[in-house]
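Residues per chain are reported as follows:
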Amino acid sequence: MKITNVSASHLAGTRYAWVFLHVETDAGIRGLGQVSSGPNSALVAAAASRLAPLLIGEDPSRIEYIWHKLYAGFNSLGSHGFVSALISGVDIALWDIRGKALGLPIYALLGGQFHDRLQLYSNGWFTGCSTPQEFARAAAKTVADGHSALKLDPFRGGHAYLSRYAASYPPGDDDEAVAIVAQIREAIGDGVEIYIDAHGRFDVPTAVRLANRLAPYRIGWFEEPVPPENWDALRQFRDRSDVPVCVGERLYTRWQFRPVLEQKLAEYIMPDIIRTGGISEMKKIASMAEAFFVPITPHDATGPITLIAGAHAMLSTPNFFRLEVAYSELEVYQRIMDPPFDVANGFFNVSNRPGLGHELRADYLAQPIPF
Ligand SMILES: [Mg+2]
């Protein structure tokens, strides 16, 4: 079997547009992948569509070789971030082809089913909330829907961190964030996990102060307290705070996870499968973490193929902890995926159909659904 074409499709209108990758073969089997886009969707889509000359004519079953060919091919300017995201899309599509060619679900090619189903944690359940009371009501509703872990960023300014790196947070705003988390904890009781996401946007004293103010509400993890460039800063944070740490959505490939594990900088790691290098890389990172007895809990906030590719990788992974689901976007996933995902009571049930087991709906591909 040979690869005959590679193309990208691009859906605008979501929080970040989703860039899908389509790999075609001379056997008529098509593979589906997704490339992380963030705010650079058009740029990523353009780059993804230009992968064809590197891939056409290759045997799609040579997944490891193709991964290395792409990684080495872009290494002069660094193969992390933008490039590892492109590789992720190709890698997922190649695993989809491999599974379809063999008539097996991807997880069966990765060691088989270790878990019966995957426990989720919910993000994006708070859309539209601004007051502590609104957050508490939304949290209670999400728990009533069967979710046993909720993640949020309670800090004023949301994603505006991109306007300044390693920012201070005005101490006068602390009380609002604390009130949100306090009222959520009161509304949902002690049996539900709360994960706090700092989105890697604080300087050290800010991150330490906020973590210590929130610690009394039993924080399951404090995610990305500081930006990812400086492990000494994360060490300082750990020395001066008392919350579990989760990092990894901005780390790319096994090489960037190595110091986190060796220096014991996180209780949990959270690679993103459409950023860090795809299914192949996710499995390697998971095995590295397993040797350190560190659980893996993939970052999955960015589109339907992220979720299903991460699910296949994790179903066969002993140290899997929880899979993130963007609760507010799940309804969109269910509209565009054929068949829809099997999500119920806070768990993801992975299909045993060949490959990823799900396609983008043909009518959606023909005319993207506006939302
Ligand atoms: Mg995050």
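Only a predicted model underlies this, so the values are computations on that prediction, with no experimental measurement involved.

For the coordinates displayed, the defined rule picks out 22 salt bridges. A salt bridge links R30 to E24, with the nearest nitrogen and oxygen atoms 3.3 Å apart. We note a salt bridge from R275 to D272, for which the minimum N-O separation is 3.6 Å. Here R275 matches D272 in class, with each residue buried. Overlapping salt bridges bring together E224, E249, R250, D272 and R275 as one network.

Okay, the domain arrangement of the protein chain next. Partitioning the protein chain into domains gives domain 1 (3-103) and domain 2 (109-366). A straight line from the C-alpha centre of domain 1 to that of domain 2 covers 24 Å. In this complex, domain 1 contributes 31 residues to the contact, which on the side of domain 2 involves 37 residues. Around 2800 Å² of area is buried between domain 1 and domain 2 when both sides are counted, 64% of it from carbon and sulfur atoms.

With that out of the way, let us pick up unusual backbone geometry. Looking along the chain, the bond that leaves D338 and enters P339 is cis, with omega of -10°. Relative to the assigned elements, P339 resides in the loop between β11 (337-338) and β12 (342-344). One non-glycine residue, T253, lies in positive phi territory at about 70°. Mapping T253 onto the fold places it in helix α10 (residues 253-262).

What follows concerns the packing of helix α3 (residues 63-73) against helix α4 (residues 82-102). At a closest axis distance of 10 Å, the pairing of α3 and α4 adopts a crossing angle of 165°. Taken as axis vectors, α3 and α4 run roughly antiparallel relative to one another. The hand of the α3/α4 crossing is right-handed. When α3 is examined against α4, the residues I63, I66, W67, L70 and Y71 are found in contact with a partner set consisting of V83, I87, V90, D91, L94, W95 and R98.

This brings us to the environment of G112. Secondary-structure assignment places G112 in the loop between α5 (106-109) and β4 (118-123). Linking G112 and V260, residues 148 residues apart in sequence, is a C-alpha distance of 28 Å. Beyond its immediate stretch of four places on either side in the chain, G112 contacts Y107, L315 and S316.

In this section: the nonpolar core. By size, the foremost hydrophobic cluster in this structure holds 112 residues, and its most contacted members are F155 and F222. The greatest single-element share of this core, amounting to ten residues, is contributed by α4. Per-domain counts for this core show at least three residues from each of domain 1 (3-103) and domain 2 (109-366). Ignoring sequence-local partners within four residues, the contact set of F222 consists of F155, I196, A198, A207, L210, A211, L214, F237, V243, P244, V245 and C246. Counting seven residues, the second largest nonpolar core, distinct from the first, contains Y121, Y195, C246 and Y268.

Glancing now at the coordination of the magnesium ion. For the magnesium ion, the protein coordination sphere consists of D197 (OD), E223 (OE) and E249 (OE), at 1.9 to 2.2 Å. Expressed as a motif, the donor residue spacing for the magnesium ion is D-x25-E-x25-E. Taken together, the residues span a long stretch of sequence, with D197 in strand β6 (residues 193-197) and E223 in strand β7 (residues 219-223) at a distance of 26 residues. Overall, D197 belongs to the buried group, its relative accessible area being 3%. Residue E223 is classed as buried on the basis of its relative accessible area of 0%.

Reading guide: rules and limits
- Residues numbered from 1 in each chain as written.
- Predicted model: local features only at pLDDT ≥ 70, side-chain atom pairs only at ≥ 80, totals over all residues.
- Heavy atoms only, no water.
- Salt bridge = Lys/Arg side-chain N within 4 Å of Asp/Glu carboxyl O.
- Buried < 20%, exposed > 50% of the residue type's maximum accessible area, 1.4 Å probe, protein only.
- Domains from an automatic or database assignment.
- Contact = heavy atoms within 4.5 Å.
- Buried area = accessible area lost by both parts, 1.4 Å probe.
- Helix = DSSP H or I, 4+ residues; strand = E, 2+ residues; numbered from the N terminus.
- Axes fitted to C-alpha atoms, helices over the stretch in contact; angles between N-to-C directions.
- Parallel < 35°, antiparallel > 145°, perpendicular 65-115°, else oblique.
- Left-handed = near helix turned anticlockwise from the far one by under 90°.
- Core = buried A, V, L, I, M, F, W, Y, C linked by side-chain atoms within 4.5 Å.
- Donors = N, O, S within 2.8 Å, 3.2 Å for Na, K, Ca; no water.

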